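Observations on chain architecture
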Amino acid sequence: MRFRWGMVATAALLAVAGCGGGGDVDGDLTNDWGAMAPATGFVPVAETCHLSNFAVSGPRATYEETDCGVPHRSETVFVGEFTGPAAEAAEPPAGTSAGARAAYQTCDQKTTEYVGGPWRHARLWIGVTQPSPAAWSGGSRWFRCEVVELDSIENDGALIQRTGSLRGALADKKSDLLLTCYNIQLDDAGAITSMPPVDCSKKHNAEFAGIWNAPAKAAYPKGDAAWEEFHEGCRGLAAKYAGIPDDANLQYRTGVVSLPGNADVWAHGDHGVRCYLWLDGAALTGSLKGKGTKALPVQYK
């Protein structure tokens, strides 16, 4: 009973205190408080590395920055913002939309600037991460340009954990990220089975020659006729690279391997095709760059 009475008495005292008015209390509880800043949505940070794998959708809950000096899987080179009709849409831009293509083209340019050279000349891959549908509904309109290192471009390469930032990595022309020479291997039917990289000073039969940009309206290659257009484009680029005539005899001097990105990046507008000189059965040592017709004579057989 004493405990119960004590609780009742305490409640009564609080009630009295709440109703009383001191001489220095004006009853307005908000006039001396600073206004709260307006709520802002989450925006990721550029030039940061991440432990997680690349993903098209980037929810705030999965976002985690890490020091680029520790093993990581991806790196943000630039953060942009969707504008115009893309920003007014009810959902984040899809892969074939104008907004998605524009974001990819921005990331293409920004990545080349960031790594210090054309990223397609190296074992690199880029992608665009955008807000989750829920964040988009809440007003987020950012996009992240992500770059990752692959263990191979030619052999269905897998993403690898990297230590160190890719900023300026291709400024070093001896970077081991750069595509150089290869030892192409064939099956019994004559189809390429693998393209392991080889130091150009060692015996090899293929060499990266550069990027041929397919026409904007070109379809992703399917069938021999479509591939021949790509091979023709790569032959012209290979001729320039090796310093040989781009004429009717070119096809008898060297073969080529044409390697576009996958269908997904093609839909984003990435029509850059990696081109390789290829001399089946040869045992080359040294680069063919600028070596001319003596290094690549017409093969009559």
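So, here's what we can say about the structure. Only a predicted model underlies this, so the values are computations on that prediction, with no experimental measurement involved. (Residues numbered from 1 in each chain as written. Predicted model: local features only at pLDDT ≥ 70, side-chain atom pairs only at ≥ 80, totals over all residues. Heavy atoms only, no water.)

A few points about the sheet that holds strand 9 (residues 197–198)
The pairing of strands in a sheet happens through backbone hydrogen bonds and is either parallel or antiparallel. As summarised here, the arrangement of the five strands in space is 9-6-10-12-11, forming an open sheet in which the pairing is antiparallel. Taken across any chain shown, the strands that pair with only one partner, and hence form the sheet edges, are strand 9 and strand 11 (255–260). Direction of pairing for strand 10 (residues 206–213) relative to strand 12 (residues 272–278): antiparallel, over a ladder of seven bridges. Within strand 12, the residue paired with Glu-207 across the bridge is Leu-277. Of the strands in this sheet, strand 10, strand 11 and strand 12 touch helix 5 (residues 224–242), which is tilted by about 115 degrees from strand 10. (Pairing = 2+ DSSP bridges. Helix = DSSP H or I, 4+ residues; strand = E, 2+ residues; numbered from the N terminus. Contact = heavy atoms within 4.5 Å. Axes fitted to C-alpha atoms, helices over the stretch in contact; angles between N-to-C directions.)

Overview of the state of the cysteines
In the structure shown here, the tally under the stated rule is four disulfides. Across the disulfide from Cys-181 sits Cys-200; the S-S distance is 1.9 Å. For the disulfide bridge between Cys-181 and Cys-200, the dihedral angle about the S-S bond is near 95 degrees, and by the sign convention the bridge is right-handed. Residue Cys-181 is located in strand 6 (residues 181–182), and its partner Cys-200 is located in the loop between strand 9 and strand 10; the two are separated by 19 residues in the primary sequence. Take Cys-181: its relative accessible area is 0%, and that puts it in the buried class. Relative accessible area serves as the criterion here: at 17%, Cys-200 is assigned to the buried category. Bridging Cys-234 to Cys-275, the disulfide has an S-S length of 2.0 Å. In this structure, the disulfide formed by Cys-234 and Cys-275 twists by about -70 degrees around the S-S bond and is classed as left-handed. With a gap of 41 residues between them, Cys-234 in helix 5 and Cys-275 in strand 12 connect regions that are remote in the sequence. Its relative accessible area of 0% is what places Cys-234 among the buried residues. (Disulfide = S-S within 2.5 Å. Buried < 20%, exposed > 50% of the residue type's maximum accessible area, 1.4 Å probe, protein only.)

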